[in-house]
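# Commentary on secondary and tertiary structure
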Amino acid sequence: MDEIGEVRVVRGSRVHGHPRVSVVIPAYRARAESPDYLEETLASIRAQTFDAYEIVIVDDGSPVRIAPADASDVVLVRQPNTGPGGARNIGSVFARGELIAFLDADDRWRPTKLAQQVALHDRRPELVLTATDFVPFDEHGFREHAPWRARNKLRSAEVTFERLFFENCIPCSSTMIPRAALMKTPGMNRHRRLGEDYGLWLRLAMLGTVGYLDEPLMERRVHDESLFQQQTRSGEIEAREREIYDEFLAEHPELRERPFVRETMARLDHEDGWARLRRCEYADARRLMVRSLRHNPLRPKVWVDLARAVLRMRVG
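Residues numbered from 1 in each chain as written. Predicted model: local features only at pLDDT ≥ 70, side-chain atom pairs only at ≥ 80, totals over all residues. Heavy atoms only, no water.

### Remarks on the pairing of strand 3 (residues 21–27)
Residues in a regular strand point their side chains to alternate faces of the sheet. A large share of strand 3 lies buried, amounting to 7 of its 7 residues. Burial along strand 3 is two-sided: the residues Val21, Val23, Ile25 and Ala27 and Ser22, Val24 and Pro26 are all buried. (Buried < 20%, exposed > 50% of the residue type's maximum accessible area, 1.4 Å probe, protein only. Helix = DSSP H or I, 4+ residues; strand = E, 2+ residues; numbered from the N terminus.)

If you want it as structure tokens, here you go:
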């Protein structure tokens, strides 16, 4: 076991000696009765057709210690709680692969995910980030889901910076990043509990090309205990998203007046205004709808929702 400050690292006896890919998994269990999906996640990695990988699990200060049933092929990192962004950052520090693949502890991969993504990076070494399509599932099975290309209006095997800036269309558990590109960024925001990955995607996209595979190679679990679901219920999600944009534009003020930035701000204000309208916060809803229209007055839905806010109409 290695110790660096409060961080403890245990390498299993069967960890790959020279991995091409490091799979980094942040893991946290709040209580003993919490569902433990990690074993399914690990099984999906071990079923990969590509085997030159190592698994790096970061126990992010869990009250219930993370303890895989078989840790012989795992690098287990234990640290005080920092949140998922900080956990992925520290996992990347101890990772030895030239490619970093992030996977959440409740998601799963399909068997050819790593093989196809590594091959894509080999064909196109200029890529600084890649992602794949995905399918959502819950305890009842897979859900209906439109293909990623259609859902995000993509026209090629690349994600333009403008499209990525409009909204976070890259699910974290589908990603792969060359270590060299990742080391040119500050990593993920360790203070955020939602959207901590999005700032990294934007910074990587400023460095080079973002590619994607138009095939559902990741399975995203949908459940009530996820951070996304928790913050959606609490009404925090719009504020957290705005903070990410504010932080990024403070680093790149030259982008503020670009048309794609104004279009994004129009979307953000409208979505925030709609959330306020649903909560019957009519004055704030009116203010945000008006601000959205200042960014882009040619969005009919915003005019309709502004009228609803003016008339103090309840919406479902």
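Structure shown, so let's carry the discussion forward.
### Quick notes on the environment of Tyr37
Positionally, Tyr37 belongs in the loop between strand 3 and helix 1 (38–46). Sequence separation between Tyr37 and Asp104 is 67 residues; the distance between their C-alpha atoms is 9.9 Å. Apart from residues lying up to four places away in sequence, Tyr37 is in contact with Ala105, Asp106, Arg221 and His223. (Contact = heavy atoms within 4.5 Å.)

### Examining the packing of helix 7 (residues 198–205) against helix 9 (residues 237–251)
Interaxial distance between helix 7 and helix 9 falls to 10 Å at its minimum, and their mutual angle equals 30°. Regarding the angle of helix 7 to helix 9, the classification is roughly parallel. Considering only the axes of helix 7 and helix 9, their crossing is right-handed. Where helix 7 approaches helix 9, its residues Tyr198, Gly199, Leu202 and Arg203 are matched on the opposing element by Ile244, Tyr245, Glu247, Phe248 and Glu251. When grouped by side-chain class, the residues that make up the contact of helix 7 with helix 9 number 5 nonpolar, 1 polar and 3 charged. (Axes fitted to C-alpha atoms, helices over the stretch in contact; angles between N-to-C directions. Parallel < 35°, antiparallel > 145°, perpendicular 65-115°, else oblique. Left-handed = near helix turned anticlockwise from the far one by under 90°. Nonpolar A, V, L, I, M, F, W, Y, C, P; charged D, E, K, R; others polar.)

### Quick word on the packing of helix 11 (residues 282–295) against helix 12 (residues 300–310)
In a pair of packed helices, the angle between the axes and the distance between the axes together describe the arrangement. For the pair helix 11 and helix 12, the least separation of the axes is 9 Å and the interaxial angle reads 155°. With respect to their mutual orientation, helix 11 and helix 12 come out roughly antiparallel. Helix-helix and strand crossings are classified by hand; for helix 11 and helix 12 the assignment is left-handed. When helix 11 is examined against helix 12, the residues Tyr282, Ala285, Arg286, Met289, Val290, Ser292 and Leu293 are found in contact with a partner set consisting of Val302, Trp303, Asp305, Leu306, Ala309 and Val310. Class assignment of the residues belonging to the contact of helix 11 with helix 12 gives a composition of 10 nonpolar, 1 polar and 2 charged.

### Some words on the pattern of salt bridges
Applying the stated criterion across every chain yields a total of 34 salt bridges. Its salt-bridge partner being Asp59, residue Arg78 comes within 2.6 Å of it at the nearest N-O pair. On the criterion of sequence distance, the pair formed by Arg78 in strand 5 (residues 74–79) and Asp59 in strand 4 (residues 53–60) is long-range, its members being 19 residues apart. Overall, the relative accessible area of 18% leaves Arg78 in the buried class. (Salt bridge = Lys/Arg side-chain N within 4 Å of Asp/Glu carboxyl O.)

### Some words on the nonpolar core
One finds Phe102, Leu164, Phe165, Ile177 and Trp201 to be the most contacted residues of the largest nonpolar core, which totals 45 residues. Per-element tally for this core: the top contributor is helix 7, with 6 residues. Not counting residues within four places of it along the chain, the set of residues in contact with Leu164 comprises Val159, Cys169, Ile170, Tyr198, Trp201, Leu202 and Ala205. Residues Val23, Val74, Leu99 and Ala105 belong to the second largest nonpolar core, which totals 25 residues. (Core = buried A, V, L, I, M, F, W, Y, C linked by side-chain atoms within 4.5 Å.)

### As for the environment of Val10
With respect to the helices and strands, the residue Val10 is situated in strand 2 (residues 7–11). As a C-alpha pair, Val10 and Val74 span 64 residues in sequence and 8.2 Å in three-dimensional space.

### Side note on helix 11
Compared with the 20 Å implied by 1.5 Å per residue over 14 residues, the 20 Å span of helix 11 between its first and last C-alpha is a close match. Turning to helix 11, its buried residues number three or more, namely Tyr282, Ala285, Leu288, Met289, Ser292 and Leu293. Taken down its axis, helix 11 places every buried residue within 140° of arc, on the same side. Where helix 11 is buried, its residues meet helix 9, helix 10 (259–278) and helix 12. (Expected span 1.5 Å × (residues − 1). Arc of directions from axis to C-beta.)

### Quick word on unusual backbone geometry
In this structure, Cys280 takes a positive phi of about 60° despite not being glycine. Assignment of secondary structure puts Cys280 in the loop between helix 10 and helix 11. Positive phi outside glycine occurs at Arg312, with the angle close to 55°. Assignment of secondary structure puts Arg312 in the segment after helix 12.

### Observations regarding the layout of surface pockets
Of the volumes computed, that of the second largest pocket is approximately 160 Å³. Every residue along the wall of the second largest pocket is listed here: Arg242, Asp246, Leu249, Arg256, Glu257, Val261, Arg262, Met265, Asp269, Arg291 and His295. Listing elements by their share of the lining of the second largest pocket, those giving two or more residues are helix 9, helix 10 and helix 11. Broken down by element, the residue count for the lining of the second largest pocket peaks at 4 residues, all from helix 10. Class assignment of the residues belonging to the lining of the second largest pocket gives a composition of 3 nonpolar, 1 polar and 7 charged. (1 Å grid on protein atoms, 1.4 Å probe; cavity = no way out; pocket = protein on both sides within 12 Å on 5 of 7 lines; lining within 4 Å. Points joined across faces, edges and corners; volume = space filled by probe spheres on them.)

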